[in-house]
Amino acid sequence: SDFLKLVKADRVEKVTFSSDGTQLLGVDTDGTRLKIESLPNDPDLLTELTGHKVDVTVLPSTENTGGLGELAQSLILPAALFAGLFFLSRNAGGGGQMPGGGPGN
């Protein structure tokens, strides 16, 4: 492909792979962006890139992008346990009276 020809001619400076490894965004020595939507199944691609001193990075996975959603999920179980213990402690009094007959006795 044309991309590999540029790599072999040392004309590609930086390459960023998508997290799933299906797309590639590169920058050549002139600053032009190169975008490849579907990568060929080439097991030697990474070797070619590193052999020609191309800066290779991979984007992190974006499965859990919601910061507030993750916070809420992490607080659900402790909140449920705390609420359960609170209601159990309120009902454990056996009628709500304090030992000793309560105030006024």
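Quick caveat: nothing in here was measured; it's all calculated off a predicted structure.

Rules behind the numbers
Within any chain, residue numbers begin from 1 and follow the written order of that chain's sequence. In keeping with the predicted nature of the model, local features appear solely for residues at pLDDT of at least 70, side-chain atom pairs appear and are counted solely at 80 or more, and the whole-chain, interface and lining totals rest on all residues. Side-chain metrics in this entry use all non-hydrogen atoms of the structure; hydrogen atoms and water are not considered. We call a set of buried residues a nonpolar core when its members are Ala, Val, Leu, Ile, Met, Phe, Trp, Tyr or Cys and they connect through side-chain atoms within 4.5 Å of each other. Only protein chains enter the accessibility calculation, which uses a 1.4 Å probe; a residue is then buried when its area is under 20% of its type maximum, exposed when over 50%, and partly exposed in between. Secondary structure elements are taken from DSSP: a helix is a run of H or I of four residues or more, a strand is a run of E of two residues or more, and numbering for both begins at the N terminus. Whether two residues are in contact is decided by their heavy atoms, any of which lying within 4.5 Å being enough. A pair of strands counts as paired when DSSP detects no fewer than two bridges linking them. Every axis corresponds to a line fitted to the C-alpha atoms, with the helix fit spanning only the stretch in contact, and the corresponding angles, defined between N-to-C directions, vary from 0 to 180 degrees. pLDDT expresses how confident the predictor is about each individual residue, on a scale running from 0 to 100. Within 3.5 Å is the distance limit for a polar contact, defined as a pair of N or O atoms, with the added protein rule that one can donate a hydrogen and the other accept it, and that residues adjacent in sequence qualify only through two side-chain atoms.

1. Thoughts on the nonpolar core
Turning to step 1, where the next piece is worked out: Membership of the largest hydrophobic core comes to 13 residues, with the highest contact counts inside it found for F3, V12, V15, F17, L24, L45 and L49.
Turning to step 2, where the next piece is worked out: Those elements giving two or more residues to this core turn out to be α1 (2–8), β1 (12–17), β3 (33–36) and α2 (45–51).
Turning to step 3, where the next piece is worked out: Ignoring any residue separated from it by four or fewer positions in sequence, one finds L24 in contact with F3, V15, T16, F17, L34, K35, I36 and L39.

2. Observations concerning the sheet that holds strand β2 (residues 24–28)
Turning to step 1, where the next piece is worked out: On the basis of which strands lie adjacent, the open sheet formed by four strands has the order β3-β2-β1-β4 and mixed pairing. Every interior strand has two partners, whereas the edge strands, β3 and β4 (55–58), have only one. Recorded for the sheet is a direction-independent mean angle of 15° between the axes of neighbouring strands.
Turning to step 2, where the next piece is worked out: When β1 meets β4, the two strands line up parallel, connected through four bridges. Residue pairing across strands places F17 opposite V58, the latter belonging to β4.

3. A few points about the confidence of the model for the chain
Turning to step 1, where the next piece is worked out: Per-chain confidence: the chain averages 80 in pLDDT, with 77% of residues scoring 70 or above.
Turning to step 2, where the next piece is worked out: By mean pLDDT, helix α3 (residues 67–91) is the weakest element of the chain at 78, and β1 is the strongest at 92.

4. Brief notes about the side chain of T16
Turning to step 1, where the next piece is worked out: Position of T16 among the secondary structure elements: in strand β1.
Turning to step 2, where the next piece is worked out: At 3.0 Å, the side chain of T16 forms a polar contact with the side chain of T57.
Turning to step 3, where the next piece is worked out: Sequence-distant contacts of T16, defined by excluding residues within four places in its chain, comprise Q23, L24, L25, T57 and L59.

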